[in-house]
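# Notes for the structure review
The lines below spell out each chain.
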Amino acid sequence: MQSISRISNTPISMICVMFGLQGWADLPVELLHSIIVKLGSTRDLLAFTSTCPSWHSAFMSIRSTFGALFPPLIFSICANQTSTDDSTIRHTWELIDISYPSNPLRRLSPPCILDTMRPVECSYGHIIFSFGRSHVIMDMLTGTTISAPPCPLTQLCYRAFITPHASQDSYLFVTGPHSLFSWRVGRPSWLNCDYINVHVIQQIVTFRGRVFARTRHNLYVVHLAPELCIEALKVVCGENRGPSKLCGKLVVCEDMILMLDDWEAFFLDLSAEPIKYLKTEDECLEKQAFFFNKGGPGQPRHNMNPERMGLRGSHVYYLDCEAQVHSHSAVDQHDVGFPQEPNNLATLNNHILRNPAIFTAWV
C-alpha cells in the first residue's frame, strides 16, 4: 500500500484508475486519513464522518490518535424553559465548536435513559452520567451510550473513561477514599484494588499504553493485567523543589506528559530513574493550547497548532464558574489574558450568557 503522502498528492482521476473506484465511498483509507488531517474544525469533521459509512469507519479507525488535532467542544446543558402553555420543556443540550461559537454544532434533547442522571465527569470526548451506583457513558460525537453494571462502591470521588493507546478495550475507572474500581466495557462485573494513601486519586490519564493515576502529591501506574493493581512511582523534581509542591494538572500531549502548575510547565521524564519532573522550555509550548475546567469536572485537553482556530499557543483557555471562557499564558504570570479577547471567544461568551446553562464543560 502506498504512503499517505504519496497518495494525497495523486490526482483523484488517477486514484480511480489505480484502485478501480466506483465512487467517493471507495476512496482508499490512507487517502481519507490524509484528508482528516487537513480538516479545519470539528464541524468539518462531523460533515466528513456523515458522508458515508466507509468515511465514518476511516475516522473511527484512527480516532484515538487525533485527539489533539481539534480543540475540545463545549458541552452545555441549558436551563429548563417554560412554554406559552406553562408546561416545562426538558433541558436542552448544546455542543459548541469554538470555531463557530454563534451556531451550536448540535442541539438536542437528552435520551430518556439519562432522565434521572446528572453529568459528573468529562473524559476525552465522553460524558459520564451517574445516579447512585449507576453510570452511563455517552460519546458526544456519535451520541452512542454505554451502561455499566452497578458499581460496588458507594462513596464515589472521581471517574474517568479512557482507551489506552493501541488497545481495543475501553475502561471506566471509579475511585473512592482508598479504593480503585475498574470496569472494562463489555464485561459483566467490576475489578477493584485497595491502596493506602491519605489523599484520594484526583486524575487518571493514559500515555503510550500505560495508565497513570495522580493524587495530590503522588504518582502511580495502574496495571490492568493480569489483575488490577496500583504501583507507587518514585518521582523527583529537577528544579530544586519537591514533587509534593507540584499541585497542577497532568496533560497528555502527543509525545509527553505535562504538569501545568500555575504559570509553569513541567514534563514527566519517564526514561529517568527515578522518574523526574523537568522544567519545560517555553518554546516547546508555542504550538500548543490547553483547555481546563476551572474548579469543575473534566480532563485537561490540549490542541496542536491552535492558530488554525484563531487561538494562541502557550495559552490556557479555561471555563470559569459562570461558564465564561478566559485565557492566560501557560508560562508567563504577567500575561493574564489578551488585551482584547479574540472574536470567537467574545462571541462564545455572549452566546452562553444569552443561553444560561446549569452545566458547562470542555469535552
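This structure is a prediction, so every number in the text was calculated from the model and none was measured.

Moving on, we get to the overall build of the protein. Assigned secondary structure in the protein consists of six helices and 27 strands. Residue burial in the protein is summarised as follows: out of 363 residues, 49% are buried. At a minimum sequence separation of 6, the contacts of the protein that also span at least 24 residues come to 50%. Summing over all exposed atoms, the protein offers an accessible surface of approximately 17800 Å²; the carbon and sulfur share of this is 52%.

Here we take up the sheet that holds strand β8 (residues 134-139). Across the sheet, four strands lie side by side as β6-β7-β8-β9; this open sheet has antiparallel pairing. Of all the strands in the sheet, the pair left with one neighbour each is β6 (118-123) and β9 (145-148). Sheet twist, expressed as the average angle between the axes of neighbouring strands with direction ignored, equals 25 degrees. With five bridges connecting them, β6 and strand β7 (residues 126-131) associate as antiparallel partners. Note that in β7 the partner of P119 across the bridge is F129.

For the coordinates displayed, the defined rule picks out eight aromatic pairs. Taking the centre distance of 5.7 Å and the plane angle of 25 degrees together, the rings of F291 and Y317 count as stacked. Within this pair, whereas F291 is found in strand β23 (residues 288-293), its partner Y317 is found in strand β25 (residues 315-319), the two being separated by 26 residues in sequence. Taken together, the aromatic side chains of F75, W93, F129 and F359 make up a single cluster linked through ring pairs. The aromatic ring of Y318 is capped on one face by K294, whose charged end is 4.8 Å from the ring centroid.

Here the focus is the pattern of salt bridges. Overall, the coordinates contain two salt bridges when judged by the stated rule. Across the pair D169 and R184 runs a salt bridge whose closest N-O atoms are separated by 3.8 Å. Here D169 is found in the loop between β10 (158-162) and β11 (171-175), whereas its partner R184 is found in strand β12 (residues 179-184), with 15 residues between them in sequence. Judged by relative accessible area, D169 falls into the partly exposed class, the value being 25%. With relative accessibility at 27%, the residue R184 sits in the partly exposed group. A salt bridge links K287 to E307, with the shortest nitrogen-to-oxygen separation between them at 3.7 Å. Here E307 lies in the loop between β24 (301-304) and β25 and K287 lies in the loop between β22 (275-279) and β23, a separation of 20 residues in the sequence.

Positionally, D97 belongs in the loop between β4 (92-96) and β5 (106-108). A distance of 3.2 Å separates a polar side-chain atom of D97 from the backbone nitrogen of R43. With residues near it in sequence (within four places) discarded, D97 still touches S41, T42, R43, L73 and L105.

Moving on, we come to the sheet that holds β5. Across the sheet, which stays open at both edges, the four strands sit in the order β5-β4-β1-β27 with antiparallel pairing between neighbours. Lying at the two open borders of the sheet, with one neighbouring strand each, are β5 and β27 (357-362). Direction aside, the axes of adjacent strands within the sheet are offset by 15 degrees on average. With five bridges joining them, strand β1 (residues 74-78) and β27 adopt antiparallel strand pairing. The partner of I74 across the bridge, within β27, is W362.

Now for the side chain of S179. Relative to the assigned elements, S179 resides in strand β12. Classification of S179 by relative accessible area gives buried; the value is 15%. Residues within four places of S179 in sequence aside, it is in contact with L153, V174, C193, D194 and Y195.

The next subject is the pairing of strand β17 (residues 229-233). Alignment of strand β16 (residues 219-223) against β17, held across five bridges, turns out to be antiparallel. Along β17, the bridge assignment pairs Y220 with A232. Connecting β16 to the antiparallel partner β17 that follows it, the hairpin turn spans five residues.

Buried residues dominate strand β14 (residues 203-207), accounting for five of its five residues. Covered by surrounding structure in β14 are Q203, V205 and F207 together with I204 and T206, the residues of both alternating faces.

The next thing to look at is a negative patch on the surface. Negative charge collects at one region of the surface, where E281, D282, E283, E286 and D332 lie side by side. The residue D332 is located in the loop between β26 (325-329) and α6 (343-354) in this model.

What counts, and where the lines are drawn
Residues numbered from 1 in each chain as written. Predicted model: local features only at pLDDT ≥ 70, side-chain atom pairs only at ≥ 80, totals over all residues. Heavy atoms only, no water. Helix = DSSP H or I, 4+ residues; strand = E, 2+ residues; numbered from the N terminus. Buried < 20%, exposed > 50% of the residue type's maximum accessible area, 1.4 Å probe, protein only. Contact = heavy atoms within 4.5 Å. Areas by Shrake-Rupley, 256 points an atom, 1.4 Å probe, with all protein chains shown as cover. Pairing = 2+ DSSP bridges. Axes fitted to C-alpha atoms, helices over the stretch in contact; angles between N-to-C directions. Phe/Tyr/Trp six-rings, centres within 6.5 Å; stacked < 30°, edge-to-face > 60°. Lys NZ or Arg CZ within 6 Å of the ring centre and 35° of its normal. Salt bridge = Lys/Arg side-chain N within 4 Å of Asp/Glu carboxyl O. Polar contact = N/O pair within 3.5 Å; in protein donor to acceptor, adjacent residues only side chain to side chain. Patch = residues over 30% accessible without salt bridge, like charges linked within 9 Å, V, L, I, M, F, W, Y side chains within 5 Å. Lys, Arg positive; Asp, Glu negative; His and termini not counted. Charge placed at Lys NZ, Arg CZ, Asp CG, Glu CD.

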